[in-house]
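Understanding the architecture of this molecule
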Amino acid sequence: MRVGAVSRETSNKRFMTLALLPAWVFIIGLIGYPLVMVLIDAFSNAHLVNANVSGFAGLDNFDKVVSDPHFGPAAANTAVWTVGSVLGEFVIGLGAALLLNAKVRGQGFFRVAAFIPWLVPIVVAGMTWEWILNPDFGILNSLLVQWGLVEAPINFLGDKSWAMATVIVVNIWRTFPYYAITFLAAMQAIPGELYEAASIDGAGAFRRFWHVTMPQLRSPALIIVFVHMIWTAVNFDFIWVMTQGGPNYATETLPIMIYRYSMQQFDVGAASALSTIMLVATTLIFVVYYRYRRRLSDEMVG
Amino acid sequence: MKKKLWMAGAIVATSTLALTGCSGSGNDDKTIELWTSWSEGESTATALKPLIEQWADDNGYTVNQSNFTYDQIHEKLIASAAGGNLPDVVWGLPEYIGEFDQLGLLEDVSAEWDDWDDAANVSDAVKDALTVNGKQIGFPYETTVRAYLVHDDILKEAGVEVPETWDEVLAVGSAVEDATGSTFYGVTGTGVRMPQELVVYLAQKGLSIAEEQADGTYTNTWNDNPDELAAAAEVFQFYSDLVESGAASPNSPTYGWEETDDTFATGLNATFTVGNWLAEREESNPDTMGDVSVHPIPHPEGGQPATYLESKPMFVMAGSDNVDGAKALAREFASEEWQKAGFMDRSALPAATSDSKWSKDFNALLDTGIVFPPIAMGQVTQDMQDSLAMVLQDGDSPEDAAAWLGDAINSAIEESAANSAE
C-alpha cells in the first residue's frame, strides 16, 4: 500500500509538472527572457541594429535618460495622464454603473450600449476621435462654432494647452465601460436586505449609497484602480495614435520616450534603462496595492 | 497513470506546435518580399499591381507585396533589421539613404545601374541623389520636385497676385482669408514633410543643414559662422511672420502632410508648396482642384530660387535571399514601361512625362532642385521639427532656434557616426 501511495504521489507530481510545463515555457520565454534582457541591456551599450555596439555601460544609460531634457516633463505627463485618466474613469464608471443598476425600461439595451466604447479597437477609436476633433474638418468644432459656443475652432490635439486634457478625456471615454461593468456586477451582488435595513433606519438615497454601496465596492474598486494605474502608466498606443507625443512633446509620456529611444535613435541601452525605471515605479504601485489589499482583507475577516 | 501522462504529453506537444507556429514560415528560394507605400485604389496602385504579377509570372518568382505608410516602412525596416528578417525590395525615401547606408542595410546596385538601358536618360542630379560613397543604393521609382501651387480662383476673388518673394507673401497677410475664408499660405509644421520644406527655405538663403568637410565627414557650420547663423534665423523668422501676419493658419504649426494636402485640395488653403502627386486630387476633389496653377516657390529678396528634389529610391535590402531577382524587380520599377504606367509625370525618365502642368511646369524647376546631405536623417528630422516648434509653439526667438538646431544636428551626426556599422 505504501509503495502504491508513493507511486501515486510521484505520478501526480509528474503529471503536474508536465501540465505546468507549457505555462512555464510561455512565462519564461515571453516574460522572463525579455525582462532579463531589458535589465541586462539597461547596463550595456546596446544598439537596435548594429551588433558591434556592445560592452558594459555601468550607469551611463540611466545618466543619459535622467539628464535628457524631455525626461522630467515626460515623467510629469505620465503622472497627469495616469491620475487624470484613472480618476475620470472611476467617477464616470461609477456614475454609469449606478444609472445602469436602476430598474428602468430598456435596461439591457443601455448596458450593451454603454459597453460599446470598450469594444472599439484603440487605433480605430484614436483615429476617429482625431477626425472628430480636427479644427478644419472635425464635427465637434463645426458644432461648437455653429452654436456660437466658440468664436474660432479649437485645435484640441494641436494646442499644447488642450492636448493632454483632450487625450485624457478620450481615454476616459473608451475605458469607463470597463469600470461601469465591474461596479455594476459588484452592486448586483450586494444583498437587498442591507438597503432595506438602511431604509428602515431612515437612510436616504445618498446615505444608502455612501454607507451601503460604497463599502461593498471597496474591494473591486481597489483592484480596478491599481490595475488601471499600471495599465495607463505603461500605455503607449492611445497617445501615439492621437498625437505621437505632440504637439511639441506636450503629451509625451515615458513609454513614448522609450519608443523614441529604441525605434528612432536605436539606443536600446537607453530604452532599457528607462524601461527599468518604469518597471521599478510600477512595481512600487503594485506593492502599495498589495499592502492595501492585505489591510482590506484583514478588515473584512474581522 | 498512463492516461494522465498521455494527456500531459498531448498538452506539451500542442503547446510546442503552437510555439513553433509562431515563428515565420521562412522564404523559399523564389519568394520576394516587396514593401510599397501607395494609396490603395489610386491609379499608381491599380496600374502597378498587374505589372508586378506579370513580372513574377515571367520570371518564376512569387512576389509578396505589403503596403505601409512611409513612417511605418521606416520603423518596420529597423525592427526587421534588428530581427534579421529584412524584406527584399522596398520603396524608400531620400531621408533614409544616409541612415540605412550607415547601418549597412542597403545592397549596392551599381553594377545593375551600369547595365540599365535607361541609365543614360536619368539626370546627373537624380543619379547623385542616389549615390553614397561612390555606390548606387537604389533605382529612382518616383521623382518629383516641389512647386508652389495656387488656387487661381481664390486669389482672384481676393484680388491678390501670385507672390514671388517672401516679402510679397507676408504683405498679403490675412487679406485672402478675410476675403474668401481660405487661409493664404500653407505651412507644414510636423511630420516627414516639414524638414523637406525647411531645407528648401534654408537653401534659398544659401544654407545647408550639413556641409561636407575636407575629411569627407559632414558638419553643420552655422554656429561657427555668424552670417550663416543670421541667415538661418531669418528662415525661422519667416515662419514666425507667416503665422503672425495671418498668412498661414494658426493651426499649421501642428499640420502634417495629411492636413496640408487635404486643406489645399479642398480649397481651405489657397496656396501651398507641394509635389505633383496632388494631380490625383483632381479626380477626388474635382470642384476645388480645377483652378490650380504651378509656380516657383517664393524666395527671399536677394536669395536664390530652390526647390526640393525628391528622388525616391527603390532599395534592395542587404542579405536578400533573392538578391538577383530583387535587383531585377527594383530596376523594373524604374523602367520606362512601369514609370509610364504608374508614375507618369513623376518620373526621372523624360519619356514618362507629358505636356500637362503637373509635368511641364514642375520639370521647369528641376534645375533649382536640392537634396538632403547623405547623413543619417532620423534624429535630424526630429530636431528640425523641434526647432520650428520652439519658434511657433514655444515662442522662442528665431536666433535661439537656429543656434539650437545647428548644435543638435552636429550631435545627431556624431551619435550616428559612433553607431555606424562601418
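Note: the structure precedes this text.
Below, the structure is looked at part by part.

Criteria and thresholds
- Residues numbered from 1 in each chain as written.
- Chains lettered and ligands numbered in written order.
- Predicted model: local features only at pLDDT ≥ 70, side-chain atom pairs only at ≥ 80, totals over all residues.
- Helix = DSSP H or I, 4+ residues; strand = E, 2+ residues; numbered from the N terminus.
- Buried ≥ 20, exposed ≤ 12 C-beta atoms within 10 Å, placed from the backbone.
- Contact = placed C-beta atoms within 7 Å.
- Rg over C-alpha atoms; globule rule 2.2 N^0.38 Å.
- Expected span 1.5 Å × (residues − 1).
- Arc of directions from axis to C-beta.
- Core = buried A, V, L, I, M, F, W, Y, C linked by C-beta atoms within 7 Å.
- Domains from an automatic or database assignment.
- Nonpolar A, V, L, I, M, F, W, Y, C, P; charged D, E, K, R; others polar.
- Axes fitted to C-alpha atoms, helices over the stretch in contact; angles between N-to-C directions.
- Parallel < 35°, antiparallel > 145°, perpendicular 65-115°, else oblique.
- Left-handed = near helix turned anticlockwise from the far one by under 90°.

1. Structural notes on the overall build of chain A
Of regular secondary structure, chain A possesses 12 helices and 0 strands. Taken from the N to the C terminus, the helices and strands of chain A come in the order α-α-α-α-α-α-α-α-α-α-α-α. Projected onto its principal axes, the C-alpha coordinates of chain A cover approximately 85 × 75 × 30 Å. Scored against the burial criterion, the 302 residues of chain A give a buried share of 30%. For chain A, contacts bridging at least 24 residues in sequence account for 69% of all contacts bridging at least 6.

2. Some thoughts on the overall build of chain B
From N to C terminus, chain B includes 19 helices and 14 strands. The C-alpha atoms of chain B give a radius of gyration of 24 Å, which matches the 22 Å a tight globule of 422 residues would have. Summarising its shape, the C-alpha atoms of chain B cover approximately 90 × 50 × 45 Å along the three principal directions. Across the 422 residues that make up chain B, the buried fraction comes to 47%. Expressed as a percentage of contacts within chain B between residues at least 6 apart in sequence, the contacts between residues at least 24 apart total 77%.

3. Focus on helix α19 (residues 398-418) of chain B
Residues and elements named next belong to chain B. For α19, which comprises 21 residues, the first-to-last C-alpha distance of 30 Å matches the rise-based estimate of 30 Å (1.5 Å per residue) to within 8%. Of all the positions in α19, only Pro398, Ala401, Ala402, Leu405, Gly406, Ile409, Ala412, Ile413 and Ser416 are classed as buried. The arc that holds the buried residues of α19, viewed along the axis, is 140°, so those residues lie on one side. Along α19, exposed side chains directed more than 90 degrees from the buried face belong to Glu414 and Ala418. The elements touched by buried residues of α19 are α4 (95-102), β10 (218-219), α11 (226-244) and α18 (378-392).

4. With respect to the nonpolar core
Among the nonpolar cores identified, the biggest contains 161 residues, and A:Leu274, B:Val89, B:Leu202, B:Met314 and B:Ala330 are the most heavily contacted of them. By residue number, the principal contributor to this core is helix α7 (residues 160-188) of chain A, which donates 10 residues. Among the domains, domain 1 (31-144 + 309-370) and domain 2 (147-308 + 373-418) of chain B are the pair contributing at least three residues each to this core. The contacts of A:Leu274, once residues within four sequence positions are left out, are A:Val65, A:Leu254, A:Met257, A:Ile258 and A:Tyr261.

5. What about the interface of chain A and chain B?
With 26 residues of chain A at the contact, the number on the chain B side is 28 residues. At the level of secondary structure, the elements contributing two or more residues to the side of chain A that touches chain B comprise α1 (2-42) and α11 (254-264) of chain A. With 8 residues, α1(A) is the largest single contributor of residues to the side of chain A that touches chain B. In terms of residue class, the side of chain A that touches chain B is made up of 13 nonpolar, 10 polar and 3 charged.

6. Here's the deal with the packing of helix α8 (residues 192-200) of chain A against helix α9 (residues 205-233) of chain A
Residue and element names in this part refer to chain A. The contact between α8 and α9 brings their axes to 10 Å, and the two run at 140°. By the angle between their directions, the pair α8 and α9 is classed as oblique. Like other packed secondary-structure pairs, α8 and α9 cross with a definite hand, here right-handed. Of the residues in α9, those in contact with Leu194, Tyr195, Ala198 and Ser199 of α8 are Arg208, His211 and Val212.

7. Observations concerning the packing of helix α3 (residues 71-101) of chain A against α7(A)
Two packed helices can be described by the angle between their axes and the distance between those axes. Residue and element names in this part refer to chain A. Between α3 and α7, the least distance of the axes is 5 Å, while the angle of their chain directions is 40°. By the criterion of interaxial angle, the relationship of α3 to α7 is oblique. The handedness of the crossing between α3 and α7 comes out as right-handed. Residue composition of the contact of α3 with α7, by class: 17 nonpolar, 9 polar and 1 charged.

8. Quick look at helix α2 (residues 43-59) of chain B
Residues and elements named next belong to chain B. Along its 17 residues, α2 runs 25 Å from first to last C-alpha, staying within 8% of the 24 Å computed at 1.5 Å per residue. Along α2, the positions that sit buried rather than exposed are Thr44, Leu48, Ile52, Trp55 and Ala56. Buried residues along α2 sit against β2 (62-67), α15 (323-333) and α16 (336-342). Once α2 ends, the next one or two residues include Gly60, with phi positive near 75°.

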